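Here are the chains, one letter per residue:
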Amino acid sequence: MKNIIYISFLLIGYLSSGQNGILNDSILKPGIYLTIEQIVNNRPIPAPNLIFEKDTVHTMINWKNKDINIYHLKISWQQAEQTQKQGGILGFCDGKDIYLSSTFNRSDRNRSFYKVEKICHFLYYEGIDVIYINSRHAPFDHTRPYSQCIVDLSKKELNFNVNNSDFKKIISDKPKLLDGFKSEDNKSTVYKEYLQKYCYN
C-alpha cells in the first residue's frame, strides 16, 4: 500500500539557529533535517517539490507479525548528491509529524524514514533495514535488522540502534525504575514503556 506525499519547499543553504525550539513550539515547521540541531531548534531546511512515498512492510519482530510504515524520499541523483555533501538527510517534517531515518549507511535515494513519537523530551521510533531500488523496496526477509531509535532533545543525542546498555544510561538517574528494567526478561521489548514511565511517573 503506497501513498505519495508532496512537499513544496526550496532546498537552499539554511542556518539552524532558533530561539524556542521543538520542546516549546506548538507548531512544527515543515522541511528536511540534515542535523539534530535543526530538529531541536524546529528549523528544518525549506525544500520544495520533494516527494515522500509511504509504504507498509510486513515483517516479524520478536516472533510476532508486525506492519511498519516506511517513508521513502523520491529525489534525483543530483539532489541526493547535493544533500550528501551536507551530510545526508536525517529526516523531514510535513508540518504535522516528524520522520527520521534509522541509519546513515545509505544514500538519500535509498534511505527509509519512520514516523516518530514524542515522549516528553525524547523522540522514539522503530526502523528496519529497507533498501529502495527504483522507488520500490527490495523483497523483505526476516533477517533484516530491526532497531529502536531514541533522540534525546535536551542533550541533542541520537541513538540509532538502542541496546540494553544504552537504555540503562538513559534512565540511570531513576534507580527504582532502573531496577525494574533490569528485572525484565525481554528488555528490548519494553523500551517505549519504560521511556514513558521515566517521563510521566
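The structure this text deals with has already been given above.
Cut-offs used in this document
Residues numbered from 1 in each chain as written. Predicted model: local features only at pLDDT ≥ 70, side-chain atom pairs only at ≥ 80, totals over all residues. Heavy atoms only, no water. Helix = DSSP H or I, 4+ residues; strand = E, 2+ residues; numbered from the N terminus. Buried < 20%, exposed > 50% of the residue type's maximum accessible area, 1.4 Å probe, protein only. Contact = heavy atoms within 4.5 Å. Areas by Shrake-Rupley, 256 points an atom, 1.4 Å probe, with all protein chains shown as cover. Phe/Tyr/Trp six-rings, centres within 6.5 Å; stacked < 30°, edge-to-face > 60°. Arc of directions from axis to C-beta.

The secondary structure content of the chain amounts to five helices and 13 strands. Within the chain, buried positions represent 42% of all 201 residues. The long-range fraction of contacts in the chain, counting pairs at least 24 apart against all pairs at least 6 apart in sequence, stands at 55%. Within the structure as shown, the chain displays about 10800 Å² of accessible surface, and the carbon and sulfur contribution to it stands at 48%.

Evaluation of the coordinates by the stated rule reveals 10 aromatic pairs. Aromatic pair F167 and Y191: ring centres 4.9 Å apart, planes at 15 degrees, arrangement stacked. Here F167, found in helix α3 (residues 164–170), pairs with Y191, found in helix α5 (residues 191–200); they are 24 residues apart in sequence, far enough to count as distant. The residues F167 and Y191 share a single accessibility class, namely buried.

Here we take up α5. Among the residues making up α5, those that are buried are Y191, Y194, L195, Y198 and C199. Viewed along the axis of α5, the buried residues span an arc of 140 degrees, placing them on a single side of the element. Each element contacted by the buried residues of α5 is listed here: β8 (117–119), β9 (122–128), β12 (146–152), α3 and α4 (175–182).

This brings us to the environment of S102. Positionally, S102 belongs in the loop between β6 (98–101) and β7 (112–115). Residue classification places S102 among the buried residues on the basis of a relative accessible area of 12%. Between the C-alpha atom of S102 and that of F113, which follows or precedes it by 11 residues, the distance is 7.0 Å. For S102, the contacting residues outside a window of four places in its chain are S112, Y114, Y125, G127, I128, S147, C149 and F160.

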